[in-house]
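Listed below are the residues making up each chain.
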Amino acid sequence: MTPARMNLKVLLPFKVFAEKTGVSRIVAASREGAFGLLPHRLDCVAALAPGILVFETELDGEVYIAVDEGILVKTGAEVLVSVRNAIGGTDLGQLRAAVEQEFLDLDEQEKSVRSVLAKLEIGFVRRFATFQHE
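Conventions adopted
Residues numbered from 1 in each chain as written. Predicted model: local features only at pLDDT ≥ 70, side-chain atom pairs only at ≥ 80, totals over all residues. Heavy atoms only, no water. Core = buried A, V, L, I, M, F, W, Y, C linked by side-chain atoms within 4.5 Å. Buried < 20%, exposed > 50% of the residue type's maximum accessible area, 1.4 Å probe, protein only. Helix = DSSP H or I, 4+ residues; strand = E, 2+ residues; numbered from the N terminus. Contact = heavy atoms within 4.5 Å. Patch = residues over 30% accessible without salt bridge, like charges linked within 9 Å, V, L, I, M, F, W, Y side chains within 5 Å. Areas by Shrake-Rupley, 256 points an atom, 1.4 Å probe, with all protein chains shown as cover. Salt bridge = Lys/Arg side-chain N within 4 Å of Asp/Glu carboxyl O. Polar contact = N/O pair within 3.5 Å; in protein donor to acceptor, adjacent residues only side chain to side chain. Pairing = 2+ DSSP bridges.

### Notes on the nonpolar core
Core analysis: the largest hydrophobic core is formed by 22 residues, its most contacted members being Leu8, Val10, Ile26, Leu72, Val79, Val81 and Val83. For this core, the secondary structure elements donating two or more residues are strand S1 (6-11), strand S2 (16-30), strand S3 (33-37), strand S4 (44-48), strand S5 (51-57), strand S6 (61-67) and strand S8 (78-83). Looking at which element gives the most residues to this core, the answer is S2, with four residues. Those residues in contact with Ile26 that lie beyond four places of it in its chain are Met6, Leu8, Phe35, Gly36, Leu37, Leu53, Val54, Phe55 and Val79. By size, the runner-up hydrophobic cluster in this structure holds six residues, among which are Ile52, Val54, Tyr64 and Ala66.

### Side note on a nonpolar patch on the surface
Taken together, the side chains of Val116, Leu117 and Leu120 present a nonpolar region at the surface, about 280 Å² in accessible area. Within the fold, Leu117 resides in helix H1 (residues 92-133). The exposure class assigned to Leu117 is partly exposed, which follows from its relative accessible area of 44%.

### Let's talk about the pattern of salt bridges
Under the defined criterion, the tally for this structure stands at eight salt bridges. The partner of Arg25 in a salt bridge is Glu62, and the shortest N-O contact between them spans 2.1 Å. Pair noted here: Arg25 is in strand S2 and Glu62 is in strand S6, with a separation of 37 residues, a long-range link. Within this structure, Arg31, Asp68, Glu69 and Arg84 form a network of salt bridges that share partners.

### Points about the environment of Glu56
Examined against the element boundaries, Glu56 turns out to sit in strand S5. As for Glu56 and Gly22, which are separated by 34 residues in sequence, their C-alpha atoms are 8.5 Å apart. Within the structure, Glu56 has its side chain in polar contact with the side chain of Arg25 (distance 2.7 Å).

### Structural notes on the pairing of S6
Of the strand pairs in this sheet, S5 and S6 are connected by seven bridges, and their pairing is antiparallel. If you follow Thr57 over to S6, its bridge partner there is Gly61. Hairpin connection of S5 to S6: three residues between the antiparallel strands. The pairing of S6 with strand S9 (residues 86-89) spans four bridges and is antiparallel. Bridge pairing links Ile65 to Gly88 in S9.

So far we have only geometry, and geometry alone does not tell us how the molecule works.
This is the structure:
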């Protein structure tokens, strides 16, 4: 009897980053912490935080992918991971640095942009309200 395996597909907005069959386990990171998936785990959906996605196959051994925030969906033996960006590699130190530099810093830039947009929207609404009362 062969052990159960999963099929993993890592999707980016513009392409399929990785597609692997025969995956025996997956470890991913959410805002609440890391969690693992085995083939017989119940179906689930999880919001992913920027971090390192780890999966294991008999052929490749442990594989590491730095991923940006996204979502993981497990249905039966199929696991889909949809993220904004991903970087593959073998050196965990370099991947961790990539997560910190590219994905977490981007979140800080997004916060700054959102703050500026919120100020612009508030100014627009105030001017529009003043214009409407004239």
